[in-house]
Amino acid sequence: MQAGSVHGVLFAVAVLVLVGIGVVTIGDQWWWLPPVASIHGATIDALFTVTLVVTGIVFILVHLLLAYFVWRYRARSPQQQAYFYLENRPLEVVYTLVPALTLTSLIAVGTRAWFRIHSSPPAEAMPVRVIGEQFAWRFQYPGADGTLGRFHPRFISEENPFGLDPEDPASHDDIITTELHVPLNRPVVAYINSKDVLHSFFVPALRVKQDAVPGMTTRFWFIPTQTGTYDIPCAELCGQGHYIMRGQMVVESNAAFEAWLAQQPTFSTMVGLSH
Amino acid sequence: MATQPTAATVHQEPTSFWRRYIFSMDHKVIAIQYMITAGLMGIIGLVMSWLMRMPLTWPGESIPIAAKIFPGLFEGGVLRPDAYLAMMTMHGTLMVFFFLTAILLGGFGNLLIPLQCGARDMAFPFVNMLSYWVFLLSCLIMLASLFVTGGAAAAGWTAYPPLSAVAAAVPGSGLGQTLWLIAMAVFIVSSVMGGLNYITTVLNLRTQGMSMMRLPLTVWALFVAAIIGLLAFPALFAGAVLLLLDRHLGTSFYLDHIVVGGQHLAREGGNPLLWQHLFWFLGHPEVYILILPPMGIVSEIIANNARKPIFAYRAMVYSIIAIGFLSFIVWGHHMFVSGMNIWLSAAFTLTTLIIAVPSAVKTFNWLGTLWRGKLRFPTPMLFAIGFVSTFVTGGLTGIFLGNPTIDIQLHDTYFVVAHFHIVMATSAVFGVFAGVYYWFPKMFGRLMSERLGKLHFWLTFLGMYGIFFPMHYLGFMGMPRRYYGFGLLQYLAPDTQAIQLFITISAFITGAAQLLFLYNLVWSLWRGKRAEANPWQANTLEWQAPSPPPHGNWGEHMPVVYRWAYDYSVPGASQDFIPQTVPLEQEPTGEHRRAAVAAPELSGNGEAHRNGG
């Protein structure tokens, strides 16, 4: 046995063990995505699974080849000759085209889903504004008129910490809350703003993530499909309290939602606007 | 073609200690200076990662030993949240720029480009020296920021404004962030000086017969990485200057009417996304600056230890060039959920997944090189095949993140941390280790200990997987990154804490294993087995110079190159390697399989690959 060739065997074994661990823990879903609770979320999960299968096959095949070659062609005797071999054009073309075509298919399905997720929200979608600030989320509902009042940080004052425009009549009946309640199975379109720094509106269970950017409004719409209470962690570093910036989303029946909303004070009562 | 300077025209060999070892213009000394400085920065970055693991693993628990060593960062024995963010920011910054970029381009670029091209030194030795000293200055500024009021920068290595633009936004956003930006700007000045040198040297100072298509893949990779750096770093320089203006002169490049700490900032018309574009215009090419040189190093070491020509040399060169080009048009994949236009996201998806193709080709070519070889497994080879494994693992997860639909869920979770640490912290670092073990005998004339080296490899290989593979699971569960603690998040499974503990134990073992490497370095410098000129029986030019090479590298006569770098196990040859300097009359060549080779190419110009086409 040539010096060091035992390490070829060891390497082959180590690679096989590592691949085995990966295949078992991931294939058997020991730790997995939170149960999905939105319609587009199911699409994301399906794409995730397809990509996992495709990359999983490559992961296993390449590692098997690596382990096999390292074991099989380790230097064992002084007589052994390496095979002088420069290139193989047809093989190279195949292993350029196969990844290219595979990736193209993944791009195709991925971007199709991407455009569907970011399509215009349905007309009946309930608008809600998500406002990020260090280190909390606030939510603005349109109230009886169905229109969200204007938001801009320049309206923020001690009396009006929310940043709604008191001059905008649409804002008067708006409702501002610290919890996000949404009705089950109804499209919700979130308009996302920030008062201060970047934040990211992340609802893991609903597969929603969209940054809150000061100076612009971002948008994400979704249809919740499971009732429950879900965490809304901030997913973009926003300062010392980033890790405690967590809101809650409650998905409930339409009746429960309406009852909850009716109990919330309006913007004009909260900041004491007189008419 | 510029004519090669002779021994007389290259700068004189200095005689004083200061000129020889400190303010040296010799590329080999500068390479060692870069490697030592970058290595120290890497060690600091590693210790920072240990500190970060503490609150994640033992939330709220007092760790008296650590608190005693770093009293400024701990309160009541617990790492403070602002200190956590500062450590996280500085860890990323140090590792990406001050360790990996510096050691790969400054260290290996300096060492290998002149030696493997057959030059006496860099094209501009004085600028080369300046590049190192400016780099050192940037290191000192960056480290100084750890000791200022408010602590070091805490806005992440990506330094997104407004967090990095407004002092009140986060503790480190005061003087710490200013110093961070200045240090980065100074670092970029240094890297531009280095890059100009590397590019000019490769283009103009190749020795007679060294056509571009005879260059070893290390030089190709370093050459393209240097071009990427030269073109991409200035964007970050501009971005940093604009951010300094926003911070100190009241401009509004990145700001628009925000309220921080009850204070209304009347800035108007800026947008934080501008910074993200400028940052990632460098930031993404940067990761290819960090992975191309390891790819080159690994190609070299695999061919040498398989005793076979690198499989599909030309495909390797073309994929390096393709990666270099494509790396400039993929940056938007960091911004899929940032609010960037959705059509732009779709375009970046296309380019991002296309760049996976040349990476895949390279992987298959390494496998093709191993196939039917006669594989030896010295430590450099173990790290090289370890690189192939981790590069595949880390590369494949990029296919998830490059898909904007899947990225909605995985963006800014531990899945991303797992992905880039397996590519950067593992693969790229394996490239560094492979390179150090392989070229140590050339640098110092002694071999490193194989026993210690192999132990170091095994602990590091298994340890790195132990640290970063479980982070995928945390990412699946939706665990956000850059969090000081996860106590509030109900959706995370309770056993995440067990995974965190496993990761931390792996991190401490792997980190401690690096002590073996340091010990090996020091021990081998004095006690290592004396190395002959060509201990690996390799073909490239540096092995034709003595170990270590003298000032000017080649003595009286410049080497003349007659063949490519990969004539291993050529049928009919007298031994299984043929150095590039061996004339074709003496030994056959496999360089141009499809065309007969006539006379040796006596012009060193890039146009000389007439048979290769």
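Remember, it's a predicted structure, so these values are computed and weren't measured experimentally. (Residues numbered from 1 in each chain as written. Chains lettered and ligands numbered in written order. Predicted model: local features only at pLDDT ≥ 70, side-chain atom pairs only at ≥ 80, totals over all residues. Heavy atoms only, no water.)

**Student:** Quick rundown of the overall build of chain A? Include the residues and the values.
**Tutor:** Looking only at helices and strands, one finds 6 helices and 10 strands in chain A. By the compact-globule yardstick of 19 Å for 275 residues, chain A is too spread out, its C-alpha radius of gyration being 27 Å. The C-alpha extent of chain A, read off along each of the three principal axes, is 100 × 40 × 30 Å. Burial statistics for chain A: of 275 residues in total, 55% are counted as buried. Of all intrachain contacts in chain A linking residues separated by at least 6 positions in sequence, the fraction that spans at least 24 positions is 71%. Summed over its atoms, the accessible surface of chain A is roughly 11,500 Å², and 62% of this surface lies on carbon and sulfur atoms. If the 16 positive side-chain charges of chain A are averaged to one point and the 21 negative ones to another, these points end up 15 Å apart. (Helix = DSSP H or I, 4+ residues; strand = E, 2+ residues; numbered from the N terminus. Rg over C-alpha atoms; globule rule 2.2 N^0.38 Å. Buried < 20%, exposed > 50% of the residue type's maximum accessible area, 1.4 Å probe, protein only. Contact = heavy atoms within 4.5 Å. Areas by Shrake-Rupley, 256 points an atom, 1.4 Å probe, with all protein chains shown as cover. Lys, Arg positive; Asp, Glu negative; His and termini not counted. Charge placed at Lys NZ, Arg CZ, Asp CG, Glu CD.)

**Student:** Just give me the short version of the packing of helix α7 (residues 217-248) of chain B against helix α8 (residues 272-306) of chain B, but keep the residues and values in it.
**Tutor:** Residue and element names in this part refer to chain B. Running from N to C, α7 and α8 cross one another at 160 degrees; their axes reach a closest spacing of 8 Å. Classed by the angle they form, the pair α7 and α8 counts as roughly antiparallel. Considering the relative orientation of α7 and α8, their crossing is left-handed. Partitioning the contact of α7 with α8 into residue classes produces 25 nonpolar, 5 polar and 2 charged. (Axes fitted to C-alpha atoms, helices over the stretch in contact; angles between N-to-C directions. Parallel < 35°, antiparallel > 145°, perpendicular 65-115°, else oblique. Left-handed = near helix turned anticlockwise from the far one by under 90°. Nonpolar A, V, L, I, M, F, W, Y, C, P; charged D, E, K, R; others polar.)

**Student:** If you had to explain the interface of chain A and chain B to someone new, which residues and values would you point to?
**Tutor:** Counting residues at the interface gives 98 residues for chain A and 111 residues for chain B. Between chain A and chain B, a total of about 9,300 Å² is buried, with carbon and sulfur atoms accounting for 72% of that surface. At the junction of chain A and chain B, the tally comes to 1 salt bridge. Counting across the chain A and chain B interface gives 28 residue pairs in polar contact (both at pLDDT 80 or more). Taken together, the elements giving at least two residues each to the side of chain A that touches chain B come down to α1 (5-27), α2 (39-72), α3 (89-117), β7 (208-212), β8 (218-222) and β9 (228-233) of chain A. Ranked by the residues each element gives to the side of chain A that touches chain B, the list is headed by α3(A), at 16 residues. Residues that form the side of chain A that touches chain B fall into these classes: 60 nonpolar, 25 polar and 13 charged. (Buried area = accessible area lost by both parts, 1.4 Å probe. Salt bridge = Lys/Arg side-chain N within 4 Å of Asp/Glu carboxyl O. Polar contact = N/O pair within 3.5 Å; in protein donor to acceptor, adjacent residues only side chain to side chain.)

**Student:** Residue-level account of the sheet that holds strand β10 (residues 246-252) of chain A, with values.
**Tutor:** Residues and elements named next belong to chain A. Pairing within the open sheet is mixed, and its 3 strands lie in the order β4-β10-β9. Bordering the open sheet on either side are β4 (180-183) and β9, each of which pairs with just one other strand. For this sheet, the mean inter-axis angle between neighbouring strands, taken without regard to orientation, is 25 degrees. By the bridge criterion, 4 bridges tie β4 to β10 in an arrangement that is parallel. Looking across to β10, one finds that H181 is bridged to V250. Those strands touched by helix α5 (residues 254-263) are β4 and β10, and its axis lies near 140 degrees from that of β4. (Pairing = 2+ DSSP bridges.)

**Student:** Lay out the domain arrangement of chain A in plain terms, naming residues and giving numbers.
**Tutor:** Residue and element names in this part refer to chain A. By the assigned domains, chain A splits into domain 1 (5-76 + 83-117) and domain 2 (126-271). Just the C-alpha atoms count here: the centres of domain 1 and domain 2 sit 40 Å apart. Buried surface at the junction of domain 1 and domain 2, summed over both partners, amounts to about 950 Å²; 57% is from carbon and sulfur atoms. Among the residues of domain 1 in contact with domain 2, A37, I39 and H40 are the three that bury the most area, contributing 48% of the side total. Ionic pairing is found between D45 and R207, a salt bridge with its closest N-O pair at 2.7 Å. The interface formed by domain 1 and domain 2 holds 9 residue pairs in polar contact (both at pLDDT 80 or more) in total. Contributions of two or more residues to the side of domain 1 that touches domain 2 are made by α2 and α3. (Domains from an automatic or database assignment.)

**Student:** Which residues make up the confidence of the model for chain B, and what are the values?
**Tutor:** Residue and element names in this part refer to chain B. Taken as a whole, chain B shows an average pLDDT of 93; of its residues, 95% reach a score of 70 or greater. Counted against residues more than four places away or in other chains, residues 594-613, with its pLDDT under 50, gives 44 contacts. Reported confidences for the modelled complex are a pTM of 0.95 and an ipTM of 0.97. (pLDDT = per-residue confidence, 0-100.)

**Student:** An account of the pattern of salt bridges is needed here, citing residue identities and associated values.
**Tutor:** Across all of its chains, the model carries 15 salt bridges over all chains by this definition. We note a salt bridge from D165(A) to R150(A), for which the minimum N-O separation is 3.4 Å. A residue pair is termed long-range when its members are at least 10 positions apart, and D165(A) in the loop between β2 (136-141) and α4 (169-172) and R150(A) in the loop between β2 and α4 qualify at 15 residues. For D165(A), a relative accessible area of 6% translates into the label buried. Assessed through its relative accessible area of 43%, R150(A) is described here as partly exposed. Beyond isolated ion pairs, a larger network of salt bridges with shared partners links E87(A), R89(A) and R314(B).

**Student:** An account of helix α9 (residues 313-326) of chain B is needed here, citing residue identities and associated values.
**Tutor:** Spanning 14 residues, α9(B) covers 20 Å between terminal C-alpha atoms, matching the ideal 20 Å at 1.5 Å per step. Burial analysis of α9(B) places 10 of its 14 residues in the buried class, which makes it a mostly covered element. Where α9(B) is buried, its residues contact α3 of chain A together with α7, α8 and α10 (342-370) of chain B. (Expected span 1.5 Å × (residues − 1).)

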